[in-house]
Amino acid sequence: MSDLISIAAFNARYAHTIDSDDLENWPAFFTGDCHYRITHVENEQEGLAAGIVYAESRAMLEDRIAALREANIYERHRYRHLLGMPMVTSSDGAVTTSSTPFVVVRIMATGQTEVFATGVYNDRFVTQGDELLLAERVAVCDSTVTDTLLALPL
């Protein structure tokens, strides 16, 4: 049960960091050699490794945020995450895997609000020191149609 509570609390902090535009702190949720990918359900079912977003390290996540802040041009918006209860799929004391459903609502600068993405986080957590971190997060979106404006992390 402690894995479940720890992961639910972790996910709440994770979503809050993105939703409150504290993106510079988002990479700190991951290990240095993490894997982060956003894909859709058909790619995942077919075992296709390519994703809409693909990163193989915390440094790549940091670069993504720096690019958002300094180089990319996109219509300003923000997210609101609604997360389901995590389902712990395995735990051996060193590594815990889980699956957590999500809904992400996008709020544009105009006030227009819409469901942006639904899906599931497939995660592999490790503990470093006394800190729970993501070694891997694969955000598997239900829709195979991706808005061209996937600027913020899911």
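Residues numbered from 1 in each chain as written. Predicted model: local features only at pLDDT ≥ 70, side-chain atom pairs only at ≥ 80, totals over all residues. Heavy atoms only, no water.

S.K.: How would you sum up the overall build of the protein? Please name residues and give values.
M.R.: Each helix and strand counted, the protein has three helices and seven strands in total. What you see for the protein is a C-alpha radius of gyration of 15 Å, in line with the 15 Å of a compact globule of 154 residues. Overall, the C-alpha framework of the protein stretches about 45 × 30 × 25 Å when taken along its three principal axes. For the protein, the proportion of contacts with a sequence separation of at least 24, taken over those separated by at least 6, is 58%. (Helix = DSSP H or I, 4+ residues; strand = E, 2+ residues; numbered from the N terminus. Rg over C-alpha atoms; globule rule 2.2 N^0.38 Å. Contact = heavy atoms within 4.5 Å.)

S.K.: Tell me about helix α1 (residues 2-19), residues and numbers included.
M.R.: For α1, which comprises 18 residues, the first-to-last C-alpha distance of 25 Å matches the rise-based estimate of 26 Å (1.5 Å per residue) to within 8%. Considering only its buried residues, α1 is in contact with β1 (30-40), β3 (77-83), β4 (87-91), β5 (95-108), β6 (113-128) and β7 (131-141). Downstream of α1 by one or two residues, D21 has phi in the positive range, about 60°. (Expected span 1.5 Å × (residues − 1).)

S.K.: Quick one: what's the story with the pattern of salt bridges, residue by residue and with numbers?
M.R.: A complete count under the given rule lists seven salt bridges for this structure. Measuring nitrogen to oxygen at the nearest pair gives 2.7 Å for the salt bridge that ties R69 to E24. You can see R69 sitting in helix α3 (residues 58-70) and its partner E24 sitting in the loop between α1 and β1, a full 45 residues away along the chain. By relative accessible area, which is 32% here, R69 ends up partly exposed. When its relative accessible area of 47% is taken as the criterion, E24 is described as partly exposed. For R137, the salt bridge identified is with D123, shortest N-O distance 2.7 Å. You can see R137 sitting in strand β7 and its partner D123 sitting in strand β6, a full 14 residues away along the chain. Given a relative accessible area of 0%, R137 falls into the buried group. Of the residues examined, D123 reaches a relative accessible area of 4% and is grouped as buried. (Salt bridge = Lys/Arg side-chain N within 4 Å of Asp/Glu carboxyl O. Buried < 20%, exposed > 50% of the residue type's maximum accessible area, 1.4 Å probe, protein only.)

S.K.: Outline the layout of surface pockets, listing residues and values.
M.R.: Reported here for the largest pocket is a volume of approximately 180 Å³. Per-element tally for the lining of the largest pocket: the top contributor is β6, with three residues. Counted by class, the lining of the largest pocket contains eight nonpolar, three polar and one charged residues. (1 Å grid on protein atoms, 1.4 Å probe; cavity = no way out; pocket = protein on both sides within 12 Å on 5 of 7 lines; lining within 4 Å. Points joined across faces, edges and corners; volume = space filled by probe spheres on them. Nonpolar A, V, L, I, M, F, W, Y, C, P; charged D, E, K, R; others polar.)

Note that all results are geometric; they support no functional claim without further evidence.
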